[in-house]
Amino acid sequence: MSGTRKLHIKSFGCQMNVYDSLRMADTLAPHGFVETAAAEEADLVILNTCHIREKAAEKVYSELGRIRKLKEAAAREGREVRIAVAGCVAQAEGEEIIRRAPAVDVVVGPQSYHRLPGLVARAARERVVDTELSADKFDVLTPPSRDKTRARGVAAFVTVQEGCDKFCTFCVVPYTRGVELSRPVERIVAEIERLADAGVREITLIGQNVNAYHGEGPDGRPWTLGELIRRVSRVPGIARLRYTTSHPRDMDATLIAAHRDLACLMPYLHLPLQSGSDRILAAMNRRHTRGEYLDVITRMRDARPDVALSSDFIVGFPGESEEDFQASLEMIDLVGYAGAFSFKYSPRPGTPAAAMEQVAEEVKAERLQRLQRAIDRHQAKFNAACHGRTFDVLFEKPGKRPGQLVGRSPYLQPVQVMAPAALIGQVVPVTITEVGTNSLFGALAAAPAEHTEAQRDPAPVARHDSSANRARRSGAAKPAERNDIVVAGA
Ligand code: 5AD
Ligand code: SF4
C-alpha cells in the first residue's frame, strides 16, 4: 500500500447509490484512501451513476467531460488521477463507457464493489471493466468504523435487498441490478446493532423492491419484510424505522400488521403507482389493477389511520391516451398523496416498452405539467393540515439559523425548531407553528405528540455530518429534488 490518497465520490440517482458510495469509501479506506469533497484534489474520482432515465445517464457523460479536464490538469503537474465509473450506467454500458470517454480507467458494476481496491491497483497497468452480476457483495464489503458512522449522522440507510424480478416493461433495474437478492436477517441485524451503537436512531431499510424481501431468518426459513421489521424494531437505541421502495403486489399481511403494531415504524409509505389506468398498468406489466392498489391503501389505513402516502408516476408511457392520463389524475385525487415524483416516460434501450409506439414529446411535457400541478396541490394541502399539530421530531443537526435545529417529522418533512444542540439524536414532540415551502417550523411542545414513538436507550449523538449526508439532506428539503430520498425501483 502506498501512502494516503484522496478519494472523491459523486453519487447520482437514488438512495441506494448514496449507500453504495459510503460502502465504496469504507472498502477503500483500509487501502489508504481518504475522502475529499473537492474533486480537483482527488487521486481517485468515482462517479456512482444512475441509468433509470435517459437524462440521468447523459448527466454522467457531461460530468466525465469535466473530470477529464481535472485529470489532464493534474497530469500537467505530474500527478496521476484515476477515474472510475460505478453504478447502473457502468453495469448497462460496460466497455462502451471507455470507448465514449477514454479518460475512464475503471468501470465497475454494483455487484463488484468489494473488488474495488484490486481493480484500482490494476488500473495502473490497464483499463479495467468488472460488471459481473453474480457475487454477493454484502458479505465482503468492509463496514465503516464507529467514528465514521457517528460522523454520518443519526439517520442511516441499510440495504436489505437488491435487484428485481418484476420486469416492468419500462424499467432497467432488473438488467442493471440483476435478480432479487435478500440479505440474511442476522447480518442485517448485526449491521443495525453496529449503527445503533455508534448513535444512529433512525434506519431506512432499502432495496429496489424492498417488500419482496425474503432473506433467510435465524430459523432457516425465508422471512418477510414485516418479520424483519419486527426483529429490527427490538434493536436497542433504534427509535424509528422506514423502508423504501415498495411494490403494491408485495404489501403482504405481515407488513401491514407491522404498521398496526409498531409505533417506531413511521406512518409514511412510498408506494409507486406509475399509472392510474388499468390498460397502461397491464402494458407496463405492473401485475396489479388500480382497484387492487386502492385495496392495499384501504388495508394500510385500517391498520394505521395516520399513514400518509407518496408515489411515483410516469406520464406518456407508450400508448397512453388522454383518457388513460385522466385516470392517473383521478387516482391522485382519490388517494390524496402527501407528495409524489413524476417523470416523462424515457425509453431505455433493451426494455420492451422502448420498442412500442411512442407518445409525442410535447404531449408528455404537457401531461407532466398537469400531473405535477395536481400533486403539488395535494402536497400543499397535506402540509397545510400539519399546522397546529404536534409531531414527534427526530433532531438531526443544526438548523438554518443560530440556535435552531432541524429534524424530521414522521412524514419526512424537515422541521426547523429553536432547540438546544443536546437534543440532536433525540425524538421530541414539536408543535408546528408555520408551514413554509420547503420546511415546517415548530416549537418544542409541552404536551406529548399525537402518537408517541417508542423511545429507548437514547444513544450518544453524532454532531457533524459527512458530505454525502449533507447532500442527501439538503436535497431532501426541497420537494422538487426529493427523489434522492427514495430508491429507484418497485
Ligand atoms: N422512464 C420514466 N420513468 C421511469 N422510472 C423508471 N423507469 C423509467 C423510465 N424508463 C421511474 C418510475 C420509478 C422511478 C424510480 O423512476 O416511476 O418508480
Ligand atoms: Fe422492478 Fe420497480 Fe423496476 Fe418494476 S419499476 S422492474 S418493480 S424495480
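Here, the structure is the one placed above.
Residues numbered from 1 in each chain as written. Chains lettered and ligands numbered in written order. Predicted model: local features only at pLDDT ≥ 70, side-chain atom pairs only at ≥ 80, totals over all residues. Heavy atoms only, no water.

S.K.: In this structure, what is going on with the pattern of salt bridges? I would like to understand it.
M.R.: Oppositely charged side chains can pair when the atoms bearing their charge come close. This model, assessed by the stated rule, comprises 37 salt bridges. Arg177 is the partner of Asp20 in a salt bridge, and the nearest nitrogen-oxygen pair spans 2.9 Å. You can see Asp20 sitting in helix α1 (residues 15–28) and its partner Arg177 sitting in the loop between α7 (173–176) and β9 (181–182), a full 157 residues away along the chain. Residue Arg177 is classed as buried on the basis of its relative accessible area, which comes to 2%. Across the pair Arg177 and Glu162 runs a salt bridge whose closest N-O atoms are separated by 2.6 Å. With Arg177 in the loop between α7 and β9 and Glu162 in strand β8 (residues 161–162), this residue pair connects regions lying 15 residues apart in the sequence. (Salt bridge = Lys/Arg side-chain N within 4 Å of Asp/Glu carboxyl O. Helix = DSSP H or I, 4+ residues; strand = E, 2+ residues; numbered from the N terminus. Buried < 20%, exposed > 50% of the residue type's maximum accessible area, 1.4 Å probe, protein only.)

S.K.: Help me out: how do you make sense of the sheet that holds strand β1 (residues 5–11) in this one?
M.R.: Sheet strands line up and pair through hydrogen bonds in the backbone, either parallel or antiparallel. Read from one edge to the other, the open sheet built from 6 strands follows the order β2-β1-β3-β4-β5-β6, with strand pairing classed as parallel. Here the strands that pair on one side only, and so sit at the sheet edges, are β2 (33–35) and β6 (128–130). Averaged over all neighbouring strand pairs, the angle between strand axes comes to 20°, with direction disregarded. Inspection of the sheet shows strand β3 (residues 44–49) paired to strand β4 (residues 82–86) by 5 bridges, in the parallel sense. Within the sheet, the bridge partner assigned to Leu47 lies in β4 and is Val85. (Pairing = 2+ DSSP bridges. Axes fitted to C-alpha atoms, helices over the stretch in contact; angles between N-to-C directions.)

S.K.: What is the right way to look at the site of ligand 1 in this model?
M.R.: With respect to spatial proximity, 13 residues lie near ligand 1, and among them Arg53, Phe170, Gln274, Asp312 and Ser346 are the closest. Between an oxygen atom of ligand 1 and a side-chain N or O atom of Asp312, the distance comes to 2.6 Å. Contact between ligand 1 and Ser346: a nitrogen atom at 2.8 Å from a main-chain N or O atom of the residue. Elements that contribute at least two residues to the shell around ligand 1 include exactly β13 (308–315) and β14 (339–344). When its residues are assigned to classes, the shell around ligand 1 shows 6 nonpolar, 3 polar and 4 charged. (Near = heavy atom within 4 Å. Polar contact = N/O pair within 3.5 Å; in protein donor to acceptor, adjacent residues only side chain to side chain. Nonpolar A, V, L, I, M, F, W, Y, C, P; charged D, E, K, R; others polar.)

S.K.: Before we go on, may I ask you to explain the packing of aromatic side chains in this structure?
M.R.: The description of an aromatic ring pair uses the distance of the two centres, along with the angle that the planes make with each other. Per the counting criterion, the structure on display carries 7 aromatic pairs. Considering the side-chain rings of Phe167 and Tyr175, the 5.5 Å spacing of their centres and the 80° angle between planes classify their relative orientation as edge-to-face. Given a relative accessible area of 36%, Phe167 falls into the partly exposed group. An angle of 70° between the planes, with centres 5.5 Å apart, marks the rings of Phe317 and Tyr345 as edge-to-face. Here the residue Phe317 occupies a position in the loop between β13 and α13 (322–335), and Tyr345 occupies one in the loop between β14 and α14 (361–384), the gap between them amounting to 28 residues. Chaining the aromatic ring pairs together yields one cluster made of Tyr268, Phe382, Phe391 and Tyr411. Across the ring face of Phe343, the terminal group of Arg53 is positioned such that the distance to the ring centre comes to 3.7 Å. The ring of Tyr61 carries the charged tip of Arg100 above its face, separated from the ring centre by 3.6 Å. (Phe/Tyr/Trp six-rings, centres within 6.5 Å; stacked < 30°, edge-to-face > 60°. Lys NZ or Arg CZ within 6 Å of the ring centre and 35° of its normal.)

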